[in-house]
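Observations on the three-dimensional arrangement
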Amino acid sequence: MNVKDLFRNNIKNLAPYSTARDEYTGDIGIYLDANENPYDNGYNRYPDPHQKSLKEKISAIKNIPAEKIFISNGSDEPIDLVYRIFCEPRIHNVVSIAPTYGMYKVAAQTNDVEFREVMLDENFRLDSGKLLDAADEHTRLIFLCSPNNPSGNLLEKSEVLELLEKFNGIVIIDEAYIDFAEAESTTTLLDQYPNLIVLQTLSKAWGLAGLRLGLAFAHPDVSTVMGRVKYPYNINVVTQKIVSQELEVPRDTQIKEIVTERRNLEETLPAIPVIKKVYPSDANFILVKVDEPRNVYEILIEEGIIVRDRSKIPGCEGCLRITVGTPEENRRLIEILNGL
Ligand SMILES: *Cc1c(COP(=O)(O)O)cnc(C)c1O
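Anyway, here's the lowdown on the structure attached to this text.

What counts, and where the lines are drawn
Residues numbered from 1 in each chain as written. Predicted model: local features only at pLDDT ≥ 70, side-chain atom pairs only at ≥ 80, totals over all residues. Heavy atoms only, no water. Axes fitted to C-alpha atoms, helices over the stretch in contact; angles between N-to-C directions. Helix = DSSP H or I, 4+ residues; strand = E, 2+ residues; numbered from the N terminus. Parallel < 35°, antiparallel > 145°, perpendicular 65-115°, else oblique. Contact = heavy atoms within 4.5 Å. Pairing = 2+ DSSP bridges. 1 Å grid on protein atoms, 1.4 Å probe; cavity = no way out; pocket = protein on both sides within 12 Å on 5 of 7 lines; lining within 4 Å. Points joined across faces, edges and corners; volume = space filled by probe spheres on them. Buried < 20%, exposed > 50% of the residue type's maximum accessible area, 1.4 Å probe, protein only. Arc of directions from axis to C-beta. Polar contact = N/O pair within 3.5 Å; in protein donor to acceptor, adjacent residues only side chain to side chain.

Next up on the list: the packing of helix H3 (residues 76–86) against helix H7 (residues 220–229). Taken N-terminus to C-terminus, the directions of H3 and H7 make an angle of 100°; their axes are 10 Å apart at the nearest point. Classified by the interaxial angle, the pair formed by H3 and H7 is roughly perpendicular. Here Pro78, Leu81, Val82, Arg84, Ile85 and Phe86 of H3 come into contact with H7, specifically with Val222, Val225, Met226 and Val229.

This part covers the sheet that holds strand E8 (residues 275–278). Taken in spatial order, the four strands line up as E8-E9-E11-E10 in an open sheet, and their pairing is antiparallel. Edge positions in the open sheet fall to E8 and strand E10 (308–309), since each of these has one partner strand only. Across two bridges, E10 lies against strand E11 (residues 319–323) in antiparallel orientation. Within E11, the residue paired with Asp309 across the bridge is Leu320.

What the largest pocket holds in volume is close to 820 Å³. The wall of the largest pocket is formed by 24 residues, among which Arg21, Asp48, Pro49, His50 and Lys52 lie closest to the centre. Listed by contribution, the elements that provide at least two residues to the lining of the largest pocket are helix H2 (52–62) and helix H8 (237–246). A per-element tally of the lining of the largest pocket places H2 first, with five residues. Approximately 360 Å³ is the volume found for the second largest pocket.

Further remarks concern H3. Where burial is concerned, most of H3 is hidden: eight out of the 11 residues are buried. Those residues of H3 that fall on the buried side of the exposure criterion are Glu77, Pro78, Ile79, Leu81, Val82, Tyr83, Ile85 and Phe86.

The next subject is H8. For an α-helix the count is 3.6 residues per turn, leaving residues at separations of three or four pointing the same way. When we look at burial in H8, the residues that qualify are Thr239, Gln240, Val243 and Ser244. The buried residues of H8 occupy one face: seen down the axis, they fall within an arc of 125°. The secondary structure elements touched by the buried residues of H8 are H2. Taking the backbone nitrogen of Val238 as reference, a side-chain oxygen 2.9 Å away marks Asn236 as the first, capping residue of H8.

The next subject is the environment of Leu154. Within the secondary structure, Leu154 sits in the loop between strand E4 (139–145) and helix H6 (157–166). The spacing of Leu154 and Phe124 is 30 residues in sequence and 9.2 Å in space, taken between C-alpha atoms. Discounting chain neighbours no more than four positions away, the residues touching Leu154 are Ser146, Pro147, Ile178, Ala181, Ala183 and Asp282.

Structurally, the position occupied by Thr201 is in strand E6 (residues 196–201). Residue classification places Thr201 among the buried residues on the basis of a relative accessible area of 7%. A polar contact is formed between the side chain of Thr201 and the backbone nitrogen of Ser203, at a distance of 3.0 Å. Each residue touching Thr201, except ones within four places of it in the same chain, is listed here: Ser75, Ala176, Trp206, Leu213 and Gly214.

Here's what the structure looks like:
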């Protein structure tokens, strides 16, 4: 498969906007090329549009060549970009699972691309055959999320592999929660499958949601074209600098603690009368079923705790999604739920 054949025609021949700083490399002392304010305050210069130094750091941490890395302003950016790169509005369509992360559908709607949803089974398991059945010759993308939000479970690897093998389009696997799971990332499959795009983020396990840093790992043809379509200065100076520093600080201990707390909650929650079902989780949140979700949600709010009400989403009837907090926060949650 040649992924370039899947690009929209306007994208195939796209000449990227070239920034003032693209035209030279090396050290220059006097910058009179970009109409910046010359007085240094730490922010007066434009950021590196290619995030070269940050990309090398991420490459070393993830053990993935820099040419396969696209750095984004959160995960929303690559989600939107794949529609703009691969999907002709009102001609192509996209297949995804349900329930899942809402942004895939929002991006389909803003790009005027048909979005086809295939329900996971009652245990949120993926049936690749059903997704392939929902696809046709106009299907360009399949969106997966593993561990899946809001259900929390990893998708079966054999089913994912079947989609990568049999689907003649792009398979996107959103791994926002992979660091909490006992599974290896599908980035190990990138060499084998040029049609695979893996999304990760620094918003969850790395604890940097406020900085807005997302990652897409893909075939160099795809990461290169993403770089051409994006806004030139998508990652600001402060984010590039602070992320660079934060990447030096491993999160292993914190992640272990969060996973331990999740396991504690998975053991404690089923014994609470108001909880009817606890779905197994490979992420940093747990989906639970209760009899009167809105009622439980409102009571928790009165007690100063906000959880996510997912009860109106097809497949999540009666369900609340609870993020794993600190041990103290989790104890308080259990205390209140026990009192209901
Ligand atoms: C939280 C989350 C993200 C991360 O979004 P950012 O824009 O990177 O903060 C991506 N995908 C899923 C499924 C998520 O739940």
